[in-house]
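A look at the structure
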Amino acid sequence: MEMDHVAVVVNNIAESTAWYVEQCGAQVLYADETWAFLRIGQGKLALVMAYQHPPHVAVRVNETQLNALATQHNQPIDRHRDGTKGFYLRDPNGNVLEVICYPPAETVYNKG
């Protein structure tokens, strides 16, 4: 497992994306009207709308690990709009952890 990204809830994706680009030099990896994924230095930040995603911390795993962890936690695996796969868990304190996988040649980040 590796740390992948942190997601924060925002009110306006375009406005927030522009702010992080201007203030932090963020590189936009993906953006649409309801979600953005940014690289800031060595880290990644997801900007999410509260009605679609909870604020969370995400860890990256490979497909074998994803399948094993989903089975272990009895969680269905979702395919996201960018081609990633994953599921959410809550830690003992109620914080949300996303377990995410970037299947080779299936995401917008590694096609072509």
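Residues numbered from 1 in each chain as written. Predicted model: local features only at pLDDT ≥ 70, side-chain atom pairs only at ≥ 80, totals over all residues. Heavy atoms only, no water.

What follows deals with a nonpolar patch on the surface. A cluster of nonpolar side chains, contributed by Met3, Val6 and Val57, occupies part of the molecular surface with about 230 Å² of accessible area. Structurally, Val6 is set in strand 1 (residues 2–9). Residue Val6 is classed as partly exposed on the basis of its relative accessible area, which comes to 33%. (Patch = residues over 30% accessible without salt bridge, like charges linked within 9 Å, V, L, I, M, F, W, Y side chains within 5 Å. Areas by Shrake-Rupley, 256 points an atom, 1.4 Å probe, with all protein chains shown as cover. Salt bridge = Lys/Arg side-chain N within 4 Å of Asp/Glu carboxyl O. Helix = DSSP H or I, 4+ residues; strand = E, 2+ residues; numbered from the N terminus. Buried < 20%, exposed > 50% of the residue type's maximum accessible area, 1.4 Å probe, protein only.)

Taken as a whole, this structure holds five aromatic pairs when the rule is applied. Among the aromatic residues, ring-to-ring pairing joins Tyr30, Trp35, Phe37, Tyr102 and Tyr109 into one connected group. (Phe/Tyr/Trp six-rings, centres within 6.5 Å; stacked < 30°, edge-to-face > 60°.)

In this section: the side chain of His53. If you trace the backbone, His53 turns up in the loop between strand 4 (43–48) and strand 5 (56–60). Owing to a relative accessible area of 15%, His53 belongs among the buried residues under this scheme. Side chain to side chain, His53 and Tyr88 meet in a polar contact 3.0 Å long. Apart from the residues within four sequence positions on either side, His53 is in contact with Val9, Trp35, Val48, Arg81 and Tyr88. (Polar contact = N/O pair within 3.5 Å; in protein donor to acceptor, adjacent residues only side chain to side chain. Contact = heavy atoms within 4.5 Å.)

Among all positions in helix 2 (residues 63–72), only Leu66, Leu69 and Ala70 are buried. End-on view of helix 2: buried residues confined to an arc of 100°, all on one side of the axis. Exposed and oriented more than 90 degrees from the buried face of helix 2 are Thr64, Thr71 and Gln72. Contacts made by the buried residues of helix 2 are with strand 7 (85–90) and strand 8 (96–101). Two to three positions downstream of the cap, the backbone nitrogen of Thr64 sits 3.1 Å from a side-chain oxygen, assigning the N-cap of helix 2 to Asn62. (Arc of directions from axis to C-beta.)

Below, the discussion takes up the UniProt feature "domain: Glyoxalase/fosfomycin resistance/dioxygenase" (unreviewed entry) in the protein. UniProt's feature table lists "domain: Glyoxalase/fosfomycin resistance/dioxygenase" (unreviewed entry) at residues 3–99, given in the numbering used throughout. The span residues 3–99 shows a helical share of 23% and a strand share of 42%, and its end C-alpha atoms are spaced 10 Å apart. (UniProt positions renumbered as here; feature names shortened; annotations may be inferred.)

The next subject is the pairing of strand 8. The side chains of a regular strand alternate, residue by residue, between the two faces of the sheet. Across the six residues that make up strand 8, a large majority, five, are buried. Direction of pairing for strand 5 relative to strand 8: parallel, over a ladder of four bridges. Across the sheet, residue Ala58 finds its bridge partner in strand 8, namely Glu98. Pairing of strand 7 with strand 8, which is carried by six bridges, proceeds in the antiparallel orientation. Residue pairing across strands places Tyr88 opposite Glu98, the latter belonging to strand 8. Counting the residues that bridge the hairpin from strand 7 to strand 8 gives five residues, and of these Gly94 lies at a positive phi of roughly 90°. (Pairing = 2+ DSSP bridges.)

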